[in-house]
Amino acid sequence: MAFSKKEKYNVAVVGATGAVGRRMITTLAERDFPVDRLVLLASARSAGQVLTFKGKSIAVELLTESSFAGQDFALFSAGASVSLKYAPFSVDAGCIVIDNSSAFRMEKDIPLVVPEVNPDAIPDQPEIIANPNCSTIQMVVALHPIHAKYRIKRVVVSTYQSVSGSGQKAIAELTTQSMAVLDGKDTSSEVYPHQIAFNCLPHIDVFLDNGYTKEEMKMVNETRKILGDDSIQVSPTTVRVPVFYSHSESVNVETEAPISAEAVKKLLRHSPGIRVVDDPERSEYPLAIDAEGKDEVFVGRLRNDLSRKKAINFWIVSDNLRKGAALNAVQIAELIVGR
Ligand code: NAP
Ligand code: 12T
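Numbering of residues starts from 1 in every chain and runs along the sequence as written. Lettering for chains starts from A, numbering for ligands starts from 1, and both go in the order in which the items are written. Local features in a predicted model are, by the rule used here, given only for residues with pLDDT of at least 70; side-chain atom pairs are given and counted only at 80 or more, and totals for whole chains, interfaces and linings are based on all residues. Working from all heavy atoms in the structure, the side-chain values ignore hydrogens and water.

A. View of the packing of helix α3 (residues 134–150) against helix α8 (residues 322–338). Running from N to C, α3 and α8 point in directions that differ by 85°, and their axes come no closer than 8 Å. One element, α3, and the other, α8, form an angle in the roughly perpendicular class. On α8, the residues that touch C134, I137 and V141 of α3 are K323, G324 and N328. Grouping the constituent residues of the contact of α3 with α8 by class yields 3 nonpolar, 2 polar and 1 charged. Whenever a helix is involved, its axis is fitted only over the stretch in contact; in every case the axis is a line through C-alpha atoms, and angles between N-to-C directions fall within 0 to 180 degrees. Working definition: helices are DSSP H or I runs of at least four residues, strands are E runs of at least two. Numbering for both runs from the N terminus. Orientation is classified from the angle alone, with under 35 degrees giving roughly parallel, over 145 giving roughly antiparallel, 65 to 115 giving roughly perpendicular, and any other angle giving oblique. Should any heavy atoms of two residues lie within 4.5 Å, those residues are considered in contact. Each residue is assigned to one of three groups, with Ala, Val, Leu, Ile, Met, Phe, Trp, Tyr, Cys and Pro labelled nonpolar, Asp, Glu, Lys and Arg labelled charged, and all others, Gly among them, labelled polar.

B. Molecular detail of the layout of surface pockets. Taken as a whole, the largest pocket spans an internal volume of roughly 1400 Å³. Around the largest pocket sit 46 residues that line it, and A78, G79, G165, S166 and G167 are the ones nearest its centre. Contributions of two or more residues to the lining of the largest pocket are made by α1 (19–30), α2 (80–92), α4 (168–182), α5 (214–227) and α8. Among the elements that line the lining of the largest pocket, the one with the most residues is α5, at 3 residues. Grouping the amino acids of the lining of the largest pocket by side-chain chemistry returns 17 nonpolar, 21 polar and 8 charged. Put simply, the second largest pocket is a space of about 150 Å³. Here a cavity denotes grid points, spaced 1 Å and computed from the protein atoms alone, that fit a 1.4 Å probe unable to get out, and a pocket denotes an open set having protein on both sides within 12 Å along at least 5 of 7 lines; residues with an atom within 4 Å of a point are the lining. Contributing to the lining of the second largest pocket are S102, R105, M106, K214, M217, K218, N221 and E222. Grid points are joined across faces, edges and corners, and a volume is the space filled by probe spheres set on the points.

C. Summary view of the packing of aromatic side chains. When two rings of Phe, Tyr or Trp (its six-membered ring) have centres within 6.5 Å they constitute a pair, described as stacked for plane angles under 30 degrees, edge-to-face for angles over 60, and tilted for the intermediate range. Enumeration over the complete set of coordinates arrives at 8 aromatic pairs. Summarising the aromatic geometry, the rings of F33 and F73 are spaced 6.0 Å apart at their centres and angled 85° between planes, so their arrangement reads as edge-to-face. Pair noted here: F33 is in the loop between α1 and β2 (35–42) and F73 is in strand β6 (residues 73–76), with a separation of 40 residues, a long-range link. Any residue under 20% of the maximum accessible area for its type is buried, any over 50% is exposed, and the rest in between are partly exposed; the area is computed with a 1.4 Å probe on protein chains only. Residue classification places F73 among the buried residues on the basis of a relative accessible area of 0%. Centroid distance Y86 to F89: 6.2 Å. Interplanar angle 50°. Geometry classified as tilted. With Y86 and F89 both in helix α2, this residue pair falls 3 residues apart, about one helical turn. By the ring-pair criterion, three or more aromatic residues cluster together here, those being F3, Y9, F33 and F73.

D. Quick look at the pattern of salt bridges. Within this document, salt bridges are pairs made up of a side-chain nitrogen of Lys or Arg and a carboxyl oxygen of Asp or Glu, the two lying within 4 Å of each other. On inspection of all chains with the given rule, the structure shows 17 salt bridges. Across the pair E334 and R31 runs a salt bridge whose closest N-O atoms are separated by 2.8 Å. Placement of the pair is E334 in helix α8 and R31 in the loop between α1 and β2, with a sequence separation of 303 residues. The exposure class of R31 is partly exposed, given its relative accessible area of 31%. Its salt-bridge partner being E296, residue R275 comes within 2.6 Å of it at the nearest N-O pair. Highlighted residues: R275 in strand β12 (residues 274–276) and E296 in the loop between α7 (288–291) and β13 (297–304), separated in sequence by 21 residues. The partly exposed category is assigned to E296, whose relative accessible area is 22%. A single salt-bridge network, built from bridges that share partners, covers E30, R31, D295, R322 and E334.

Rendered as structure tokens:
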């Protein structure tokens, strides 16, 4: 079954009750995506729960192999194992999958798309399109214009990632632990291996044999795939911090061509999806609490690297549930219906 242009589309949200799924629903509404029927899917735990879309109540349904009949788009954010199991049923039903999990991102034949960077990676008849990792998305939005003009050789990045990246349970864990600590009580941890309240954990996703975490290797591999350049060196450290929403990143970029912080500031001011916030005199720079609920990738603290000629430093912040997940996925769907 081939994709054909229509006035409105049937959209399924898989993992609709989750941190990302809920943003999918609000993002579809806010951007007025041409939705005909919206089907909300989750596990037996929350089937029957009622959510609202544009003021209309919709009951969550149990995800099954036949959930995709008659649907045009399925936005998946229920974890990699759910995507691996159910995305093939969606494809068989002729329903385009936009997948937020890590299941398909590095598959050779599956496009990994950030609309501001590589919209042309979407084929004429898409089946599965992968949404990159949240930390990678906000970084490549800023790297892409720099790479196009100066050729990036190497990126050294440290992340400061919010707990909402690990879902609803993690948001609850930070809340409960913070209150316990302030009350002078003991804490317990379920989502993370250690207390996250008033702490920083240099550990996101699982550790791999090379000593890096899977989250760190996503930043290496996904950045190369999206920018279409395997020669870019990426040296990452990913850290969980006690912040609810928005990921922050400290980035050092080394380029082939001579570069300056001042020139990049001008370049990024005119680059899609980016807002430069950089006025140190007035204590203005990107902040997680300001980025929450916003669409843009915020960039600031642009400085020349004191230790190297062709290198600069900067700070990137974006709402991980928006541009890092739901917004990027809906933008991909918009590209498909808009052409
Ligand atoms: P979450 O808040 O824990 O939500 C998980 C969602 O998946 C819930 O709706 C849950 O439904 C559903 N679910 C879980 N197991 C299921 C099953 N067997 N069948 C059907 N539905 C199932 O997690 P989240 O933060 O929204 O993240 C969800 C996924 O999105 C993650 O696993 C991750 O891969 C991906 N993600 C991607 C990015 C990104 O960088 N692009 C960012 C964050 C997350 P119930 O209510 O029934 O439990
Ligand atoms: N472990 O989409 O915990 O690959 O913040 C996103 C976020 C995996 C992913 C997290 C994760 C992904 C997290």
